[in-house]
Amino acid sequence: MPLLEALKALANPVRLQVLQWLREPEENFPVNPAVTDPRAVGVCVSHIQAKTGLAQSTVSAYMAVLERAGLVRSTRVGKWTHYRRDEERIAALVEDLRREVGEAHLADLLPS
């Protein structure tokens, strides 16, 4: 079930934080427009790794979980992998959650 997979992915606080950072990549990561557009191509995994302070292998595993859940997309640029949010998929998952839980109950589940 895609909704359950996404919720499991977001249950980890670091993965949730990375997804939040990717919402505004220009504000949260170094940007070099000559190399890539962080909105169109994404943020290099090395920048995500540096910001989290975690091992590269851990960050790669976390990003793979987010990608399998449909929350991010990856793009290879040379030897580097870049990640960006999949806004359409995120919106669809939010709508699925509204249908499954109900609008009134959803407000109780989300932080204010």
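Residue numbers here run from 1 along each chain, matching the order of that chain's written sequence. The predicted nature of this model means local features are confined to residues of pLDDT at least 70 and side-chain atom pairs, given and counted, to a pLDDT of 80 or more, with totals for whole chains, interfaces and linings taken over all residues. As a convention, hydrogens and water are excluded, and side-chain values are obtained from all of the structure's heavy atoms.

Asks: Kindly report on the pairing of strand 2 (residues 72-77), identifying the contributing residues and their values.
Replies: Paired strands, in this sense, are two strands between which DSSP finds at least two bridges. Secondary structure elements follow DSSP: runs of H or I no shorter than four residues count as helices, runs of E no shorter than two count as strands, and numbering proceeds from the N terminus. Inspection of the sheet shows strand 2 paired to strand 3 (residues 80-85) by six bridges, in the antiparallel sense. Within the sheet, the bridge partner assigned to Ser74 lies in strand 3 and is Tyr83. If you look at the hairpin formed by strand 2 and strand 3, you'll find two residues sitting between the two strands, and Gly78 has a positive phi there, around 65°.

Asks: Any details on the pairing of strand 3? Residues and values, ideally.
Replies: Each regular strand carries side chains that alternate between the two faces of the sheet. Relative to strand 3, strand 1 (residues 43-44) runs antiparallel, the two being bridged by two bridges. In the sheet register, Cys44 faces strand 3, and the bridge partner there is His82.

Asks: Explain the packing of aromatic side chains residue by residue, including any values.
Replies: Pairing of aromatic rings covers Phe, Tyr and the six-membered ring of Trp, with a centre-to-centre limit of 6.5 Å; geometry is then stacked below 30 degrees between planes, edge-to-face above 60, and tilted otherwise. Counting across every chain of the model gives one aromatic pair. Two conditions define a charge located above a ring, namely a distance within 6 Å from the ring centre to NZ of Lys or CZ of Arg, and an angle within 35 degrees of the ring normal. Just above the ring of Tyr62 sits the side chain of Arg15; from NZ or CZ to the centre is 5.3 Å. Here the basic side chain of Lys51 rests over the ring of Trp21, its NZ or CZ set 4.9 Å away from the ring centre.

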